[in-house]
Amino acid sequence: MIKKILAIIIALISISSVVEARVYIDITSPGARQIPIAVVDFEGAEYGKQIADIIRSDLEYSGFFKLLEQSSYVERSNESFDAENWRPLTVDLVIKGSVEVVYSNLEKLIKVNISVFDVFSSTRILNKNFIAKENILRLISHKISNAVYENITGLTGVFDTKIAFVVEDANRKFIYIMDWDGERVRRVTDGDNIVLRPHWSPDGLKLAYTFERLKRWGINLIDLRTLNSDTLLISQSSNIVGDFMSNGEELLISSSKRGSSDIYKLNIATRYLTPLTDSNNIEISPSMSSVAKEIVYVSDQDSTPQIYIMGADGNNKRRVTFSGTYNTSPNFSYSGEKIVFSSIIDGRHQIVTINKDGTGMTQLTSNGGNNEEPFFSPDGRFIVFTSDRLGYKALFITRIDGSGQKVLSPNKVRALGPSWSLK
Amino acid sequence: MKENGLNIAVAVSLLFHSIIVIVFNIAIKRNVQYLDTVTYTVDIITPSVMSYPKAKESEIMPAPIVKEPEQKIIQPIETKPEIKKIVQPKPEVEKIEDKIPFDAISPSERISELKESLKRKNKRSAELDESTKIDKIQKIRSLASIRTNKSATETDLIKQSDNPPSGAPMTAEQGDRYYEKVRDYVMGFWSYPDLGKKSMLTIITFAVDINGNISKIKIEKSSGDSLYDAQAKQAVLKSNPLPKPPSEVEIGIRFGQ
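S.K.: Would you mind going over the overall build of chain B with me for this structure?
M.R.: When its secondary structure is counted, chain B shows five helices and four strands. Ordering the α and β elements of chain B from the N terminus gives α-α-β-α-α-β-β-α-β. Out of the 257 residues in chain B, the part that is buried amounts to 16%. A fraction of 73% describes how many contacts in chain B between residues 6 or more apart in sequence connect residues 24 or more apart.

S.K.: What am I meant to see in the nonpolar core here?
M.R.: Considering soluble globular proteins, one finds that nonpolar side chains tend to be buried as a cluster. Ranked by internal contacts, the top residues of the largest apolar core, which has 69 residues, are Phe165, Ile383 and Val384 of chain A. The leading source of residues in this core is strand 7 (residues 162-168) of chain A, at five residues. Excluding anything up to four places from it in sequence, Val384 of chain A contacts Ile163, Phe375, Leu395, Ile397, Leu408, Pro418 and Trp420 of chain A. Listed in part, the 60 residues of the second largest apolar core include Phe65 and Leu126 of chain A together with Val182 and Ala235 of chain B.

S.K.: Even after reading the chapter, I still don't get the environment of Val186 of chain B, so can you show me in this structure?
M.R.: Along the chain, Val186 of chain B turns up in helix 4 (residues 172-188). In sequence terms Val186 of chain B and Asn7 of chain B are 179 residues apart; their C-alpha atoms lie 52 Å from each other. Not counting residues up to four positions away in its chain, the partners in contact with Val186 of chain B are Ile27 of chain A together with Ala235, Val236, Ser239 and Ile253 of chain B.

S.K.: Is there a simple way to think about helix 5 (residues 226-238) of chain B in this case?
M.R.: Along an α-helix, residues three or four positions apart point the same way, because every turn accommodates 3.6 residues. Taking 1.5 Å per residue as the helical rise, helix 5 of chain B with its 13 residues ought to reach 18 Å, and the 18 Å between its terminal C-alpha atoms agrees with that figure. Helix 5 of chain B sits mainly inside the fold: ten of its 13 residues count as buried. Where the residues of helix 5 of chain B are buried, they touch helix 4 (137-153) of chain A together with helix 4, strand 2 (201-208), strand 3 (214-221) and strand 4 (249-256) of chain B.

S.K.: Honestly, the domain arrangement of chain A in this entry has me stumped. Any pointers?
M.R.: Note: interface size is frequently given as the accessible area lost on complex formation between the parts. Residue and element names in this part refer to chain A. By the assigned domains, chain A splits into domain 1 (35-153) and domain 2 (162-420). Distance from the C-alpha centre of domain 1 to the C-alpha centre of domain 2: 36 Å. At the junction of the two partners, domain 1 supplies five residues and domain 2 supplies seven residues. Going through the elements one at a time, helix 2 (45-61) and helix 4 are the ones with two or more residues in the side of domain 1 that touches domain 2. Across the side of domain 1 that touches domain 2, the residue classes tally to one nonpolar, three polar and one charged.

S.K.: How do you make sense of the sheet that holds strand 2 of chain B when you look at a structure like this?
M.R.: The strands that make up a sheet are held in pairs by hydrogen bonds between backbone atoms, and each pair lies either parallel or antiparallel. If you walk across this open sheet you meet the four strands as 1(A)-4(B)-2(B)-3(B), and the pairing is mixed. Taken across any chain shown, the strands that pair with only one partner, and hence form the sheet edges, are strand 1 (23-27) of chain A together with strand 3 of chain B. Direction aside, the axes of adjacent strands within the sheet are offset by 25° on average. One ladder, built from five bridges, connects strand 1 of chain A with strand 4 of chain B; its direction is parallel. Across the sheet, residue Ile27 of chain A finds its bridge partner in strand 4 of chain B, namely Phe255 of chain B. Its contacts with the sheet put helix 4 of chain B on strand 1 of chain A together with strand 4 of chain B, and the angle it makes with strand 1 of chain A is roughly 45°. Contacts from helix 5 of chain B reach strand 2, strand 3 and strand 4 of chain B within the one sheet, and its direction differs from that of strand 2 of chain B by about 25°.

S.K.: Help me understand the pairing of strand 12 (residues 206-213) of chain A in this model?
M.R.: Residue and element names in this part refer to chain A. With six of eight residues buried, strand 12 is to be regarded as a mostly interior element. Looking at chain direction, strand 10 (residues 194-195) and strand 12 are connected through two bridges and run antiparallel. Paired with Val195 across the bridge in strand 12 is Phe211. Note: strand 11 (residues 199-200) against strand 12, two bridges, orientation antiparallel. When the sheet's bridge partners are listed, Trp200 is paired in strand 12 with Leu207. Hairpin connection of strand 11 to strand 12: five residues between the antiparallel strands, including Gly204 at a positive phi of 75°. Where strand 12 lies against strand 13 (residues 216-223), eight bridges are found, and the strand directions are antiparallel. Pairing of Glu212 across the sheet is with Trp217, part of strand 13.

S.K.: What is the right way to look at the sheet that holds strand 7 of chain A in this model?
M.R.: All names here are of chain A. Reading across the sheet, the four strands line up as 9-8-7-31 and stay open at both edges, with antiparallel pairing between neighbours. A strand with exactly one partner marks an edge of an open sheet, and here the two such strands are strand 9 (186-187) and strand 31 (414-420). Looking at chain direction, strand 7 and strand 8 (residues 173-179) are connected through seven bridges and run antiparallel. Following the sheet pairing, Ile163 is matched in strand 8 by Met178.

S.K.: Please explain helix 4 of chain A as it appears in this structure.
M.R.: Residues and elements named next belong to chain A. Between its first and last C-alpha atoms helix 4 spans 24 Å; for 17 residues at 1.5 Å apiece the expected length is 24 Å, and the two agree. The buried fraction of helix 4 is high, at 13 of 17 residues. Gly154 lies just past helix 4 and shows a positive phi near 80°.

Reading the values: the criteria
Residues numbered from 1 in each chain as written. Chains lettered and ligands numbered in written order. Predicted model: local features only at pLDDT ≥ 70, side-chain atom pairs only at ≥ 80, totals over all residues. Helix = DSSP H or I, 4+ residues; strand = E, 2+ residues; numbered from the N terminus. Buried ≥ 20, exposed ≤ 12 C-beta atoms within 10 Å, placed from the backbone. Contact = placed C-beta atoms within 7 Å. Core = buried A, V, L, I, M, F, W, Y, C linked by C-beta atoms within 7 Å. Expected span 1.5 Å × (residues − 1). Domains from an automatic or database assignment. Nonpolar A, V, L, I, M, F, W, Y, C, P; charged D, E, K, R; others polar. Pairing = 2+ DSSP bridges. Axes fitted to C-alpha atoms, helices over the stretch in contact; angles between N-to-C directions.

So, in structure tokens, the structure goes:
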């Protein structure tokens, strides 16, 4: 009886064993770190190619995309997208666009339409129009790069941000601003004997900077829309500007008004100074992370200049760097995850990043020259810094992993003290 | 006597449970086949599979709308979507101004801009209505295609059980070697940038026939990030055909990082 039942069971099981086992395979890292894309020249005589070139350069420098050789493009922007044409090229995304001139209230405007196509699903994943004045062709292109980048990666692009810096001629120093890619360079101050690194207000419309006149140190706030400036503070002690506080209403500065340099908050409306450090050591170079609500700065309290962190109210001070004997000019990433600073290694200044908790120290430069004054892009993926590797001080840009280092400031111009706008 | 009674009870219980397992098994097997076929069809013809973050509904192409009713039922698997024929939703417009302009904008321009944005708002809500309608039509249509495909699937099943797949089942060693090859192959076609996103996992399942042709591609588990899912799926698509397996196999790939 039992045997019969068992026999039936076995028979039934063998009949039913039709479900094949599925084998699972693990792949833990992609074969390539870049998505292959094609940016076809936009349709529209004079501007189409220019705009496509700017977008190519933006997307390529992000490090996330590999541009397909232009000679192999199989369609033009005015031809319909057919995924079958692109599949053999193993390209994942195709970007096309058209430019036309339109008039609004007798003003000449350019209207750009862009489309992003996904080759494997044969779908258009983005279709958007942009309208702008003719004279801001570069800005419109950067905005398109941002839209494409954000659509694909889900991250915020920084292609429309700006960099402010100091330019030196034989006897004077000036503040300049330029686009993140080194284009559209403009001078915004008339010049002083000494000008130190400018810092952007969180809205990207103002710059605060330190100047020296007749042996007095002052802090100016310049409105970039009007170029009017306002002196917030001037005294015989050294007053050096650091980052804005995230609310935009206060400015972090270091001042030697009590003898040794300390860090203060300067209220822009009331001009009132609140001390955040109070010691006989030197505390300088404050930089703030808006997200972490913490301030990174330099102190020599343990005999050599080292990087420290404190809360936005001056509490909870702690040392971050324990290797190297000369660590200066720190900059906090917006997110507060990383700090970039300059460290003397084998007799030269080099750019180094470190996690907020003091781990993961990484040297990004190892070039013969001195590499100093690093500053993060708002998304923390790029760093602008000063280097004298060309024989004179110039601004360089690098990706966060140290790759793609290139000159950003105009050729044969002494440029230093870079600072990256948040917007 | 007591012991015999117990044995019978155990046997009956075993029989009972195994019947449940078997019925379940068959049900799943049918179900999987059934679903797979449907997914296969839909995957290839429905563009909305590859939605990206921030790609608003109005930006994603609606599925091809076939006007003739008879075509609703007969949907050849090889049909590739033809983008050109589809009616476009109006693209979003972004007006760009220099934040730091050295020449000011005239107030009249601002007013026209405001009007524009209002118009846009109205248009967008109309588009949304339209897209939900399209979604509904699509759902109905895919149901119809399931029904027509069902009968075919059933006959296919019978045929398959009559003629088991050629090629003997793989030995463990053969399997290890083959799956390693597949891993290297698919990895070579997988590109995903280091966007700083951690603990991502997408599982893509598919079947490989005796010639290495891939079918029944499915996202078994989504990472929640559409770019990550899309790039994983593309890696599989680009790997087609894979090296020939010793016998037909079903593979799941866990794309992790």
